[in-house]
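Residue strings, one per chain:
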Amino acid sequence: MAISDYYSDEVHGKHEYLDLGGFPLQSGYTLPNARLAYKTHGTLNESKDNAVLFPHMYSGTSASMEMFVGEGRPLDPAKYFIILPGQFGNGFSSSPSNTPAPFDRGQFPQLAIADDVIAQHRLVTEHFGIERLHAVLGWSMGAQQTYEWAVRFPDLVPRAAVFAGTARTPVHNQIFIDVHTELMVSDPAFKDGFYADSDDLRLALKRHAVAFSLIGLSAAFYRDELWRDLGFVSANDFRQGFLRGYFAPMDPNNLLAQASKWKAGDIGLHAGGDVAAALQRITAKFFVTSFSEDLFFPPEDHEADCAHIPDGRLRPVDTPMGHFGMFCLREEDQQAIDAVIAEMLDC
């Protein structure tokens with residue numbers, strides 16, 4: 001699938017866009033004619049107090065979290081106005097793959113989690129006229145954005161939930177990002193990010209998927225052959241059919257742009273590098289959910305974060321799916337996640 005075919009409404013559903021103009025980034029560059037892609041479900045009520053913001057994870061799009069939206073679900077569009085914002089680098093919002101020179105491809109500027117949140121804040125406040133969200137929640141990089149929201153704009157966030165994501169990216173996690181980054185950029189076809197077609201980066205994307213097959217899931221997933229429950233006949237069948245299939249149509253430069261800000265994620269920047277002090281600024285009713293055996297963001301790191309949040313509420317989920325628990329490949333994972341979302345929305 002060509003990159004232009006993958007990052008399209010035909011694949012991900014209809015998107016809307018907020019034009020941001022020249023958007024100043026934390027890195028000191030200005031992104032010209034910047035755009036933020038987003039999707040919405042439900043209707044914003046007259047008092048504008050039913051909006052829920054749900055940013056997405058690494059490699060995702062605004063459509064990625066739609067699996068949690070639906071009639072009779074906690075995120076019911078009959079009750080809430082659900083905003084699914086993109087992030088820079090996701091292929092729809094301003095990204096290496098869709099930005100003209102001199103910021104195209106391998107010369108796209110460094111991004112930060114704060115860049116996404118500042119753009120989303122403009123969407124929420126300027127475009128929709130919302131003065132206070134009902135809630136913010138997110139998984140992985142979406143969790144990083146949720147932390148940034150709760151610390152940067154506390155008056156807008158009365159309640160929040162993070163799933164498998166911490167206030168600062170753990171060092172072990174950063175090393176993994178270095179590994180899968182190196183696996184992509186060392187593909188001879190990468191050409192310092194100035195390849196003509198992402199289809200030429202088959203080796204890079206294959207290596208990337210192999211890395212995620214190691215750390216995205218738990219040892220128990222492979223030891224107990226849980227891939228059988230998903231309809232695969234072997235571990236290699238799962239890795240090829242699910243993971244390689246998932247990443248194969250994506251643009252490596254887009255993934256690298258997201259990975260660099262994932263690696264640098266740190267709300268301690270709001271308090272001179274002191275993560276605990278930044279967490280203590282959170283005024284929201286804040287739910288912290290870890291996934292057991294998550295090798296990206298281990299449960300111990302969630303517990304440490306939660307201990308510093310004034311109204312932190314720890315809600316761990318036990319799953320052999322590790323970090324990929326949020327993909328809801330098992331019904332029981334979806335039920336556990338829905339239960340946390342429901343409790344957070346109603347508190």
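Look above for the structure.
In this text, all values refer to a predicted model and were calculated from it rather than measured experimentally. Sequence order as written defines residue numbering, which begins from 1 separately in each chain. It should be noted that, the model being predicted, local features are given only for residues of pLDDT at least 70 and side-chain atom pairs only at 80 or more, the latter also being counted only at that level, while totals for whole chains, interfaces and linings use all residues. As a rule here, side-chain values come from all non-hydrogen atoms in the structure, and water together with hydrogens is ignored.

Q: How should unusual backbone geometry be read in this particular structure?
A: Generally, phi is negative for residues other than glycine and the peptide bonds are trans, each holding for most cases. Going from Ala101 to Pro102, the amide bond is cis rather than trans, its omega being 10°. Segments assigned H or I by DSSP are reported as helices when at least four residues long, segments assigned E as strands when at least two residues long, and all are numbered from the N terminus. Take Pro102: it is sitting in the loop between strand 4 (81–85) and helix 3 (113–127). Even without a glycine there, the phi angle at Lys48 is positive, about 55°. Its place among the elements puts Lys48 in the loop between strand 2 (30–41) and strand 3 (51–53). Type-normalised accessible area, obtained with a 1.4 Å probe on protein chains alone, sets the label of each residue: buried when under 20%, exposed when over 50%, and partly exposed for intermediate values. The class for Lys48 is partly exposed, based on a relative accessible area of 33%.

Q: I keep staring at the pattern of salt bridges and nothing clicks. Help me out?
A: Any two side chains of opposite charge can pair, on the condition that their charged atoms come close. A pair is scored as a salt bridge if a Lys or Arg side-chain nitrogen falls within 4 Å of a carboxyl oxygen belonging to Asp or Glu. This model, assessed by the stated rule, comprises 16 salt bridges. Ionic pairing is found between Asp9 and Lys14, a salt bridge with its closest N-O pair at 3.9 Å. The closest approach of N and O atoms between Lys39 and Glu66, which form a salt bridge, is 3.1 Å. Placement of the pair is Lys39 in strand 2 and Glu66 in the loop between strand 3 and strand 4, with a sequence separation of 27 residues. Classification of Lys39 as buried rests on a relative accessible area of 8%.

Q: Explain the environment of Gly60 to me, please; I cannot follow it from the model alone.
A: Counting through the fold element by element, Gly60 comes out in the loop between strand 3 and strand 4. Judged by its relative accessible area of 1%, Gly60 falls in the buried class. Counting along the chain gives 26 residues from Gly60 to Gly86, while the straight-line C-alpha distance between them is 8.3 Å. By definition in these notes, contact holds between two residues if any of their heavy atoms fall within 4.5 Å. Those residues within four positions of Gly60 in sequence are excluded, and the remaining contacts are Asn90, Tyr246 and Gln258.

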